[in-house]
Amino acid sequence: GNSVTQMEGPVTLSEEAFLTINCTYTATGYPSLFWYVQYPGEGLQLLLKATKADDKGSNKGFEATYRKETTSFHLEKGSVQVSDSAVYFCALSDNAGNMLTFGGGTRLMVKP
Amino acid sequence: NAGVTQTPKFRVLKTGQSMTLLCAQDMNHEYMYWYRQDPGMGLRLIHYSVGEGTTAKGEVPDGYNVSRLKKQNFLLGLESAAPSQTSVYFCASRRGGSNTGELFFGEGSRLTVL
């Protein structure tokens, strides 16, 4: 079956540091890939997505590139802010589009 | 816009009691989902529905039942609650028709089973 593996957290960074959160996946066919973010006390919300190989999703300074050869979708940001502190989830959607499979989540803490 | 609304937001049950979580969405979405979130385990799919009157099992369906009698509502039931069902439950919805659509989540329902 499909699966998503993320680096375990927490990840603690100072403001303006560079962020990478690794995500790799196992899936048949050509899934779509997503990053969702969960702020404290809230539900998840879509951060960015990529629907085919070599696509780059981007939003709010975050980027991730769909790498089929390495089955990866790593999340990056050049300069994090305190307001980026949250839990980040990598996810994939199966070919039929019925279900999203989530990784375990990575907590990011950004200190001033 | 209300989006996805879950009720109740908090509930404490004793082992063996039953309860129903209600999810309502006002976006006319075809697909609806129930996930549970546990520390270190991310989100796991319990049940989902691809349209009114349909339901399907997800990754962890045991101990739960669901119904989708109306397109805008998706109910999650626990017939006999167990401590292992202590969790935060999230409902989500999305448009049907492709695998690229965004999931919209509710704010979560925290359930504690004593």
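The structure reproduced in this document is the subject of the present report. Remember, predicted model here, so these are calculated numbers, not experimental data. (Residues numbered from 1 in each chain as written. Chains lettered and ligands numbered in written order. Predicted model: local features only at pLDDT ≥ 70, side-chain atom pairs only at ≥ 80, totals over all residues. Heavy atoms only, no water.)

### Concerning the overall build of chain A
Point 1. A count of helices and strands for chain A gives 0 helices and 12 strands.
Point 2. Listed by position from the N terminus, the elements making up chain A come as β-β-β-β-β-β-β-β-β-β-β-β.
Point 3. Relative to the globule expectation of 13 Å for 112 residues, the C-alpha radius of gyration of chain A, 13 Å, shows essentially globular dimensions.
Point 4. Reported as C-alpha extents along the three principal axes, the dimensions of chain A are approximately 45 × 30 × 20 Å.
Point 5. Each of the 112 residues in chain A was classed as buried or not, and the buried ones make up 46%.
Point 6. Long-range pairs, those at least 24 residues apart, make up 56% of the contacts in chain A with a sequence separation of at least 6.
Point 7. Carbon and sulfur atoms make up 48% of the accessible area of chain A, which amounts to about 5200 Å² in all.
Point 8. Computing the positive centroid from 9 side-chain charges and the negative centroid from 11, chain A places the two 2 Å apart. (Helix = DSSP H or I, 4+ residues; strand = E, 2+ residues; numbered from the N terminus. Rg over C-alpha atoms; globule rule 2.2 N^0.38 Å. Buried < 20%, exposed > 50% of the residue type's maximum accessible area, 1.4 Å probe, protein only. Contact = heavy atoms within 4.5 Å. Areas by Shrake-Rupley, 256 points an atom, 1.4 Å probe, with all protein chains shown as cover. Lys, Arg positive; Asp, Glu negative; His and termini not counted. Charge placed at Lys NZ, Arg CZ, Asp CG, Glu CD.)

### With respect to the interface of chain B and chain A
Point 1. The interface of chain B with chain A comprises 21 residues on the first partner and 25 residues on the second.
Point 2. At the boundary of chain B and chain A, one finds 0 salt bridges.
Point 3. For the interface between chain B and chain A, the tally reads 4 residue pairs in polar contact (both at pLDDT 80 or more).
Point 4. The set of elements that each furnish at least two residues to the side of chain B that touches chain A consists of strand 4 (31–38), strand 5 (42–49) and strand 9 (87–94) of chain B.
Point 5. The class makeup of the residues in the side of chain B that touches chain A is 11 nonpolar, 7 polar and 3 charged. (Salt bridge = Lys/Arg side-chain N within 4 Å of Asp/Glu carboxyl O. Polar contact = N/O pair within 3.5 Å; in protein donor to acceptor, adjacent residues only side chain to side chain. Nonpolar A, V, L, I, M, F, W, Y, C, P; charged D, E, K, R; others polar.)

### Brief notes about unusual backbone geometry
Point 1. Going from Gly9(A) to Pro10(A), the amide bond is cis rather than trans, its omega being 0°.
Point 2. Note on placement: Pro10(A) falls in the loop between strand 1 (3–6) and strand 2 (11–14).
Point 3. Residues Thr7(B) and Pro8(B) are joined by a peptide bond in cis, for which omega reads -10°.
Point 4. Structurally, the position occupied by Pro8(B) is in the loop between strand 1 (4–7) and strand 2 (10–13).
Point 5. Even without being a glycine, Lys60(A) presents a positive backbone phi close to 55°.

### Considerations on the sheet that holds strand 1 of chain B
All names here are of chain B.
Point 1. One open sheet accounts for 4 strands, arranged 1-3-8-7; its pairing is antiparallel. What marks the edges here is a single partner per strand, and that holds for strand 1 and strand 7 (65–67). The sheet shows a mean angle of 20° between the axes of neighbouring strands, taken without regard to direction. (Pairing = 2+ DSSP bridges. Axes fitted to C-alpha atoms, helices over the stretch in contact; angles between N-to-C directions.)

### Remarks on the pairing of strand 11 (residues 109–113) of chain B
Residue and element names in this part refer to chain B.
Point 1. Going residue by residue along strand 11, you find Ser 109, Leu 111 and Val 113 tucked away on one face and Arg 110 and Thr 112 left uncovered on the opposite face.
Point 2. Bridge analysis of strand 2 against strand 11 gives 4 bridges, and the strand direction is parallel. Each residue of the ladder has a partner; that of Leu 13, found in strand 11, is Val 113.
Point 3. Here strand 9 runs beside strand 11; their pairing, made up of 3 bridges, is antiparallel.

### A few points about the pattern of salt bridges
Point 1. Tallying each qualifying case throughout the model produces 6 salt bridges over all chains.
Point 2. A salt bridge links Glu63(A) to Lys56(A); the nearest nitrogen and oxygen atoms lie 3.7 Å apart.
Point 3. A relative accessible area of 33% means that Glu63(A) is categorised as partly exposed.
Point 4. Note that Arg36(B) and Asp38(B) form a salt bridge whose closest N and O atoms lie 2.8 Å from each other. Of the two residues, Arg36(B) and Asp38(B), neither departs from the other in class, the shared state being buried.

Treat this as a map of the structure, not an account of what it does.
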